[in-house]
Amino acid sequence: MTVSLKKAELHCHLEGAAPPLLALAQARKYGVETRDFLRDGAYVWRDFTSFLAAYDAVAGLFRTESDYTLLTETYLDELAAAGAVYSELFVSPDHGEAVGLGADAYIAGISRGIEAANARTGIECRMVVVGLRHKGPERVEWAARYAATCRNRLVTGFNMAGEERIGRVADYARAFDIARDAGLGITIHAGELCGASSVRDALDHVRPSRIGHGVRAIEDPALVARLADEGVVLEVCPGSNVALGVFPDLAAHPLRRLHEAGVRVTLNSDDPPFFHTSLQREYAVASEVMGFTGAELAAMTRTAIEAAFVDEATRVALLSRL
Ligand SMILES: Nc1ncnc2[nH]cnc12
Ligand SMILES: [Zn+2]
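Cut-offs used in this document
- Residues numbered from 1 in each chain as written.
- Chains lettered and ligands numbered in written order.
- Predicted model: local features only at pLDDT ≥ 70, side-chain atom pairs only at ≥ 80, totals over all residues.
- Heavy atoms only, no water.
- Phe/Tyr/Trp six-rings, centres within 6.5 Å; stacked < 30°, edge-to-face > 60°.
- Helix = DSSP H or I, 4+ residues; strand = E, 2+ residues; numbered from the N terminus.
- Buried < 20%, exposed > 50% of the residue type's maximum accessible area, 1.4 Å probe, protein only.
- Lys NZ or Arg CZ within 6 Å of the ring centre and 35° of its normal.
- Polar contact = N/O pair within 3.5 Å; in protein donor to acceptor, adjacent residues only side chain to side chain.
- Contact = heavy atoms within 4.5 Å.
- Donors = N, O, S within 2.8 Å, 3.2 Å for Na, K, Ca; no water.
- 1 Å grid on protein atoms, 1.4 Å probe; cavity = no way out; pocket = protein on both sides within 12 Å on 5 of 7 lines; lining within 4 Å.
- Points joined across faces, edges and corners; volume = space filled by probe spheres on them.
- Nonpolar A, V, L, I, M, F, W, Y, C, P; charged D, E, K, R; others polar.
- Pairing = 2+ DSSP bridges.
- Axes fitted to C-alpha atoms, helices over the stretch in contact; angles between N-to-C directions.

### Observations regarding the packing of aromatic side chains
Here comes step 1: Applying the stated criterion to the full structure yields 12 aromatic pairs.
Here comes step 2: Ring centres of F51 and Y55 lie 6.2 Å apart, and the angle between their planes is 75°; on these two criteria the pair is classed as edge-to-face. Placement of the pair is F51 and Y55 together in helix α2 (residues 48-59), with a separation of 4 residues, close to one helical turn.
Here comes step 3: Relative accessible area serves as the criterion here: at 4%, F51 is assigned to the buried category.
Here comes step 4: On the basis of an interplanar angle of 25° and a centroid distance of 6.2 Å, the ring pair of Y55 and F274 is categorised as stacked. One end of the pair, Y55, is in helix α2; the other, F274, is in the loop between β10 (264-267) and α12 (279-288), and 219 residues separate them in sequence.
Here comes step 5: Here F274 falls in the buried class, since its relative accessible area comes to 1%.
Here comes step 6: Clustering of aromatic rings is evident, with ring pairs tying together Y43, W45, F48, F51, Y55, F274 and F275.
Here comes step 7: When the ring centre of Y30 is taken as origin, the NZ or CZ atom of R63, which lies over that ring, is 4.6 Å away.
Here comes step 8: Sitting over the ring of F292, R256 keeps its end group 4.1 Å from the ring centre.

As structure tokens, this is what we get:
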């Protein structure tokens, strides 16, 4: 039933969307041994720390502008085939710098992939630049300044991902001020590895219109009420949360309770092959395991478009496609 639904995704990390077969082909091209992070056609990790290490290893297999074009097109083609009309991709110039490609060529390669996929399938896509929390406030400010000044029309938002258990949100507030002052949309990873207080800190210090995950807000009913009152949109990734052990299983996942409390929620895949999921699978699980109706799922897609970091003309055009 969910196969025919129109979909939208606000939360997917580009390198985290690399299909293992594509990563293997890249590894062969560059003569890289993959045993430590890719075995029997699947990514290998044990916990969040080793997941981040595997993520970096996969990112290290994409080294040129055209590698990034290929990765972007591959993911967007798959998403369009699953019925998605809109995608926001989290991109990290830090990963472009790490392979010696540089931030400009990294963004240029991804832009080319977005344009090619749009021409072929009609899928609309924007980039959200991510600063990596574990690199510290100065490096996250560097990413924000890059996003604020890169003058690419497809870069429309700023986010912070990475190790949530490092540092205090307040230490990163300046990066978000830089991005907000440049007119970028603001979202932040919070309430994934850390509890409700991390969501409250994000609201107080960063004032985001959306929060990546945010699901551990469920630990504090007053905070859930605040999210609902303020209309903050949660980018919920149930498959990721269960894979990383944030919740023991889908039955324990708070998506339905958040929805019933009036919080605006959306469905997302985060790093799909790392977590053995896909956007299609997230919609299917929400329907078949969590009991959301087709109308409720369609409303989540609508919420995603309403919260998308796009100009108003694009938003109206996207809403008309639902
Ligand atoms: N789920 C996640 N949380 C924080 N940082 C990430 N980077 C890639 N996936 C992530
Ligand atoms: Zn994420």
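### Here we look at the side chain of T314
Here comes step 1: Relative to the helices and strands, T314 is located in helix α14 (residues 312-320).
Here comes step 2: For T314, the side chain forms a polar contact with the side chain of D311, separated by 2.9 Å.
Here comes step 3: Those residues within four positions of T314 in sequence are excluded, and the remaining contacts are E124 and R126.

### Some details on the coordination of the zinc ion (ligand 2)
Here comes step 1: Coordination sphere of the zinc ion (ligand 2), protein contribution only: H11 (NE2), H13 (NE2), H189 (NE2) and D270 (OD), at 2.1 to 2.3 Å.
Here comes step 2: Counting gaps between the donor residues of the zinc ion (ligand 2) yields the pattern H-x1-H-x175-H-x80-D. Placement of H13 in strand β1 (residues 7-13) and of D270 in the loop between β10 and α12 is noted, with a sequence separation of 257 residues between them. Each of the two residues, H13 as well as D270, counts as buried.

### Notes on empty space enclosed by the protein
Here comes step 1: Enumeration over the complete set of coordinates arrives at 1 cavity of 30 Å³ or more.
Here comes step 2: Put simply, the largest cavity is a space of about 220 Å³.
Here comes step 3: Residue lining of the largest cavity: 22 residues in total, with H13, L52, Y55, A161 and G162 positioned closest to the centre.
Here comes step 4: Mapped by element, the contributors of at least two residues to the lining of the largest cavity are α2, β4 (84-91) and β5 (124-132).
Here comes step 5: By residue number, the principal contributor to the lining of the largest cavity is α2, which donates 5 residues.
Here comes step 6: Among the residues forming the lining of the largest cavity, the class breakdown is 11 nonpolar, 6 polar and 5 charged.

### Brief notes about the sheet that holds strand β8 (residues 210-213)
Here comes step 1: Read from one edge of the open sheet, 8 strands run β1-β4-β5-β6-β7-β8-β9-β10, paired in parallel fashion. The sheet terminates laterally at β1 and β10, the two strands that pair on one side only. If you compare each strand with its neighbour and ignore which way they point, the axes differ by 25° on average.
Here comes step 2: Inspection of the sheet shows strand β6 (residues 155-161) paired to strand β7 (residues 185-190) by 2 bridges, in the parallel sense.

In short, shape yes, function no, at least from these values alone.
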